[in-house]
Amino acid sequence: MIKLENLYKSFGDIDVLKGINLEVEKGKTAVVIGPSGSGKTTLLRCLNLLEIPNQGSITIGEKELQFQSGTKLKPNQMTSFRQQTGMVFQSYNLFPHLTVVENIMEGQVVVLKRSKAEAKKRSLDLLAKVGLSDRADMYPHQLSGGQQQRVGIARAMAMDPKVLLFDEPTSALDPELVGEVLKVMKDLAEEGMTMVVVTHEMEFARDVADQVIFMDQGIIAEKGTPEEIFTLSTNPRTQQFLNKVAR
Amino acid sequence: MVLDERAERIIGILSDSFFPILKAGLYFTVPLTLITFTLGLILAFFTAIARISGIKPLVAIAKFYVWIFRGTPLLVQLFILFYGLPSVGITLDPFPAAVLGFTLNKGAYSSEIIRAAILSTPKGQWEAAYSIGMTRAQAMRRIILPQAIRVSVPPLGNSFISLVKDTSLAATITVTEMFQKGQQVAAATYEPLWLYIEVAFIYLMFSTVLSYAQSMLERRFDRSVAK
Ligand SMILES: Nc1ncnc2c1ncn2[C@@H]1O[C@H](COP(=O)(O)OP(=O)(O)OP(=O)(O)O)[C@@H](O)[C@H]1O
Ligand SMILES: [Mg+2]
């Protein structure tokens, strides 16, 4: 479903991704872990073209994009590629001027050209799924962080993406709200959604991931099953990182 | 006794002139304000969009326009339009000249307000819009502008109220708005102090009503603004 080959990304002089190779199969969940500044966010942002890589290739579904320095993508190429992925942001980024249900309808109506009635029905179904049916007509600022993030997930799901990307979806939340969001994500994984999740929630990684990817200084230092990474790894960088997180 | 006569005379002049001045306000000041504010807003909107379009010639034109009209006094702009242009064969009537001058001037200032509001919208809003597959234009229209408009309501409201007062400059190019009317009566009666106080009072009435309308509008827009 996802295939990255030899992906490079730099910001000016700083090389942030230095040759990433990665495959995620359909229906699987990949969890990306690693120290701050290792390039996890940048990797996700490359997957939906919020950043344009300098080199390498990204394949999602049937679409492949090749990058070279100076590659300029056409706007419609970008949007059609992006529509294959949904993104859930650390800071939710809900649209504050729209109600909860309108947030979820917006992309369906504007981008997918669904009728309002159809979009609304789908939105309400998704809200039921994330347990927020009673919040449909509220504005985002009237919701807790955990509720906002669940709306964020529903908004991304509404576009029927092939892949969902999560960038530390729970790290802005109070501890007691983390569980409700992880629960929704776990349900999605079990239903066979393909997901790439950047998180510091090691328990979630152990529990839900099919593949754990440890990033360090712009490369994938190690990848494998949760057991291979969390229990069997002998890589000193991995162990050092895990010790720090377990602390 | 002399004092009483004087007071009586002044009261007579003020009450005789109150309605003519108010009428000048309703016939010229208010339309001038409303027309130029609306046109100025439209001009400002397109100027702001041009400024952030990234299309070089558009950016250059917008910048140049704002530079000229913010960098020169409104009074001078009005004089050029009304007294200057006839010498190259373009003669404007006072009222259209005033509309044009105020519109160009307001458009330049308001475009900066709108541009700032657009730029103040958090980057995450653009990214969220892109992430659900919107194009730049869709993101702008559906996500960014509705928020930017809410943000710009208070500063635009302030500039609307200052426009009401600025329109008194139209007197200098012979538009018989309130101030001009006041000047005429003052000149005829030799009571400038009281007459101008009366004019000031009528301006105050207008701007008080408008301030109230502005705060109502702000309250309406305040419901769902981004933190
Ligand atoms: N737009 C940018 N311009 C310049 N440098 C950037 C930009 N975005 C990221 N970087 C740099 O790239 C490096 C990797 O950043 P990234 O956000 O991908 O790390 P991360 O692994 O997500 O870290 P964290 O766990 O703190 O979120 C950092 O050194 C960061 O300063
Ligand atoms: Mg990050």
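Structure's up top.
A.B. asks: Is there a simple way to think about the overall build of chain B in this case?
C.D. replies: Scanning chain B from N- to C-terminus turns up eight helices and zero strands. When the helices and strands of chain B are listed from N to C terminus, the series reads α-α-α-α-α-α-α-α. On C-alpha atoms alone, chain B measures out to a radius of gyration of 22 Å, which is more than a quarter above the 17 Å that the 2.2 N^0.38 rule sets for 227 residues. By its C-alpha atoms, chain B is 80 × 50 × 25 Å across when sized along the principal axes. Of all 227 residues assigned to chain B, the portion counted as buried reaches 44%. Sequence-distant contacts, at least 24 apart, represent 75% of the contacts inside chain B between residues at least 6 apart. Accessible area of chain B: about 12100 Å², with a carbon and sulfur share of 71%.

A.B. asks: Could you clarify how one ought to interpret the site of ligand 1 in this entry?
C.D. replies: Residue and element names in this part refer to chain A. The environment of ligand 1 is formed by Phe11, Val16, Pro35, Ser36, Gly37, Ser38, Gly39, Lys40, Thr41, Thr42 and Glu168. Between ligand 1 and Gly37, the relevant distance is 2.8 Å, taken from an oxygen atom to a main-chain nitrogen or oxygen of the residue. At 2.6 Å from an oxygen atom of ligand 1 is found a side-chain nitrogen or oxygen belonging to Thr41. Burial of ligand 1 by the surrounding chains reaches 60%, relative to a free accessible area of 630 Å². With three residues, the single largest contributor to the shell around ligand 1 is helix α1 (residues 40-47). Residues belonging to the shell around ligand 1 are distributed by class as follows: three nonpolar, six polar and two charged.

A.B. asks: Hey, could you run me through the packing of helix α7 (residues 178-189) of chain B against helix α8 (residues 192-221) of chain B in this one?
C.D. replies: Relative placement of two packed helices is described by the angle separating their axes and the distance separating the axes. All names here are of chain B. Closest axis-to-axis distance for the α7/α8 pair is 9 Å, and the angle between their directions is 160 degrees. Judged on the interaxial angle alone, α8 and α7 are roughly antiparallel. Regarding α7 and α8, the two cross each other, and that crossing is right-handed. When α7 is examined against α8, the residues Met178, Phe179, Gly182, Gln183, Val185, Ala186 and Thr189 are found in contact with a partner set consisting of Pro192, Leu195, Tyr196, Val199, Ile202, Tyr203 and Phe206. A per-class count over the contact of α7 with α8 returns eleven nonpolar, three polar and no charged.

A.B. asks: Teacher, can you tell me more about empty space enclosed by the protein here?
C.D. replies: Gaps left between atoms show up when a probe the size of a water molecule is rolled over them. Residue and element names in this part refer to chain A. Going through the model one piece at a time under the given rule, you end up with one cavity of 30 Å³ or more. Leu126, Lys129, Val130, Ile153, Ala154, Met157, Val184 and Leu188 together form the lining of the largest cavity. Every element with two or more residues in the lining of the largest cavity is listed here: α4 (116-129), α5 (145-157) and α6 (175-190). The residue makeup of the lining of the largest cavity, split by class, is seven nonpolar, no polar and one charged.

A.B. asks: Before we go on, may I ask you to explain the interface of chain A and chain B in this structure?
C.D. replies: Quoted interface sizes are often the accessible area lost when the parts come together. Every contact between the two is made by 23 residues of chain A and, on the other side, 23 residues of chain B. Note on chain A versus chain B: buried area summed over both sides is about 2000 Å², and carbon and sulfur give 60% of it. Ranking the residues of chain A by area buried against chain B places Phe95(A), Pro96(A) and His97(A) at the top, with a combined share of 27%. The tally of links between chain A and chain B comes to two salt bridges. Among the ionic pairs, Arg142(B) bridges to Glu106(A), the shortest N-O distance being 2.6 Å. Where chain A touches chain B, the interface holds six residue pairs in polar contact (both at pLDDT 80 or more). Every element with two or more residues in the side of chain A that touches chain B is listed here: α2 (75-82), β6 (85-88) and α3 (100-110) of chain A. Ranked by residues supplied to the side of chain A that touches chain B, first place goes to α3(A) with three residues.

A.B. asks: Even after reading the chapter, I still don't get the side chain of Ser111(B), so can you show me in this structure?
C.D. replies: Residue and element names in this part refer to chain B. Examined against the element boundaries, Ser111 turns out to sit in helix α4 (residues 94-120). Looking at Ser111, the relative accessible area reads 1%, which means it is buried. Residue contacts for Ser111: discarding those within four places in its chain leaves Ala44, Thr47, Ala48 and Val66.

A.B. asks: Whenever I open this one, the environment of Asp166(B) confuses me. Can you help?
C.D. replies: Residues and elements named next belong to chain B. Relative to the assigned elements, Asp166 resides in helix α6 (residues 136-166). A C-alpha to C-alpha distance of 15 Å links Asp166 and Ala24, two positions 142 residues apart in sequence. What Asp166 contacts, discounting residues up to four positions off in sequence, is Leu74 and Phe102.

A.B. asks: Got a minute to help me understand α4(A) in this structure?
C.D. replies: Quick reminder: α-helices carry 3.6 residues per turn. Residues three or four places apart thus point the same way. All names here are of chain A. Here α4 is 14 residues long and its end C-alpha atoms lie 20 Å apart, about the 20 Å a rise of 1.5 Å per residue gives. Restricting attention to buried positions, one finds in α4 the residues Ala119, Ser123, Leu126 and Leu127. Projected down its long axis, α4 shows its buried positions confined to an angular sector of 100 degrees, all on one face. Within α4, the exposed residues directed more than 90 degrees away from the buried face are Ala117 and Lys121. For α4, the secondary structure elements touched by its buried residues are α3 and α5. Gly131 occupies a position one or two residues after α4 and carries a positive phi of about 75 degrees.

A.B. asks: Could you clarify how one ought to interpret the sheet that holds strand β5 (residues 63-67) of chain A in this entry?
C.D. replies: Sheet strands line up and pair through hydrogen bonds in the backbone, either parallel or antiparallel. Residue and element names in this part refer to chain A. Read from one edge of the open sheet, four strands run β2-β1-β4-β5, paired in antiparallel fashion. What marks the edges here is a single partner per strand, and that holds for β2 (14-24) and β5. Taken pair by pair, the neighbouring strands of this sheet meet at an average axis angle of 20 degrees, ignoring direction. Against the sheet, α2 engages β4 (55-60) and β5, with an angle of about 130 degrees to β5.

A.B. asks: Explain the sheet that holds strand β3 (residues 29-33) of chain A here, please?
C.D. replies: Residues and elements named next belong to chain A. Taken in spatial order, the six strands line up as β6-β7-β8-β3-β9-β10 in an open sheet, and their pairing is mixed. A strand with exactly one partner marks an edge of an open sheet, and here the two such strands are β6 and β10 (219-224). Strand-to-strand twist across the sheet, computed as the mean angle between neighbouring axes with direction ignored, equals 20 degrees. Both β3 and strand β8 (residues 194-198) contribute to a ladder of four bridges, which runs parallel. In the strand pairing of β8, Ala30 is matched with Val196. Against the sheet, α1 makes contact with β3, β6, β7 (163-167), β8 and β9 (211-216), and its axis sits at roughly 150 degrees relative to β7, the strand it touches most. The sheet strands contacting helix α9 (residues 236-246) are β3, β9 and β10, and the helix crosses β9 at an angle near 95 degrees.

What counts, and where the lines are drawn
Residues numbered from 1 in each chain as written. Chains lettered and ligands numbered in written order. Predicted model: local features only at pLDDT ≥ 70, side-chain atom pairs only at ≥ 80, totals over all residues. Heavy atoms only, no water. Helix = DSSP H or I, 4+ residues; strand = E, 2+ residues; numbered from the N terminus. Rg over C-alpha atoms; globule rule 2.2 N^0.38 Å. Buried < 20%, exposed > 50% of the residue type's maximum accessible area, 1.4 Å probe, protein only. Contact = heavy atoms within 4.5 Å. Areas by Shrake-Rupley, 256 points an atom, 1.4 Å probe, with all protein chains shown as cover. Near = heavy atom within 4 Å. Polar contact = N/O pair within 3.5 Å; in protein donor to acceptor, adjacent residues only side chain to side chain. Nonpolar A, V, L, I, M, F, W, Y, C, P; charged D, E, K, R; others polar. Axes fitted to C-alpha atoms, helices over the stretch in contact; angles between N-to-C directions. Parallel < 35°, antiparallel > 145°, perpendicular 65-115°, else oblique. Left-handed = near helix turned anticlockwise from the far one by under 90°. 1 Å grid on protein atoms, 1.4 Å probe; cavity = no way out; pocket = protein on both sides within 12 Å on 5 of 7 lines; lining within 4 Å. Points joined across faces, edges and corners; volume = space filled by probe spheres on them. Buried area = accessible area lost by both parts, 1.4 Å probe. Salt bridge = Lys/Arg side-chain N within 4 Å of Asp/Glu carboxyl O. Expected span 1.5 Å × (residues − 1). Arc of directions from axis to C-beta. Pairing = 2+ DSSP bridges.

It is worth stressing that arrangement in space is one thing and function is another; only the former is reported here.
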